[in-house]
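A look at the structure
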Amino acid sequence: MPSEYYCPECKSEDVIVYEDHIECTHCHLNFFIEDLESDIEDENILAEEDLSSFVDAFDELKDEETRKKLFKKT
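Residues numbered from 1 in each chain as written. Predicted model: local features only at pLDDT ≥ 70, side-chain atom pairs only at ≥ 80, totals over all residues. Heavy atoms only, no water.

**A short note on the pattern of salt bridges**
Rules: Definition used for salt bridges: Asp or Glu carboxyl oxygen within 4 Å of a side-chain nitrogen of Lys or Arg. Elements are defined by DSSP. Helices are runs of H or I of four residues or more, strands are runs of E of two residues or more, and each kind is numbered from the N terminus. Partly exposed describes any residue whose relative accessible area lies between the buried limit of under 20% and the exposed limit of over 50%, with all areas from a 1.4 Å probe on protein chains only and scaled to the type maximum.
Applying the stated criterion to the full structure yields 1 salt bridge. For Lys-11, the salt bridge identified is with Asp-42, shortest N-O distance 3.5 Å. Here Lys-11, found in the segment before β1 (15–17), pairs with Asp-42, found in the loop between α1 (33–36) and α2 (48–56); they are 31 residues apart in sequence, far enough to count as distant. For Lys-11, a relative accessible area of 47% translates into the label partly exposed. On the basis of relative accessibility, which here comes to 21%, the residue Asp-42 falls in the partly exposed class.

**Regarding the packing of aromatic side chains**
Applicable threshold: Paired rings are identified among Phe, Tyr and Trp, the last through its six-membered ring, by centres lying within 6.5 Å, and are further divided according to the angle between planes into stacked (under 30 degrees), edge-to-face (over 60) and tilted (the rest).
Taken as a whole and judged by the stated rule, the model has 1 aromatic pair. Pairing Phe-54 with Phe-58 gives two aromatic rings, centres 5.3 Å apart and planes at 65°, and the pair type is edge-to-face. Owing to a relative accessible area of 52%, Phe-54 belongs among the exposed residues under this scheme.

Printed below as a string of structure tokens:
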């Protein structure tokens, strides 16, 4: 079934649409639908994997409770 979404990384239209994100079958990256529907330009949309890598770089954010508290503040 054709989708209205495409991968902002590789521009492939072969994506699997889930409730809150898409998965590209070509580059295997995942993107939040909320980001895809925003005014953010494609080259500035980060994959879920990129966001996780960023958060993992900070020791104080490795704890899930601390991460949840931080995200609730933003």
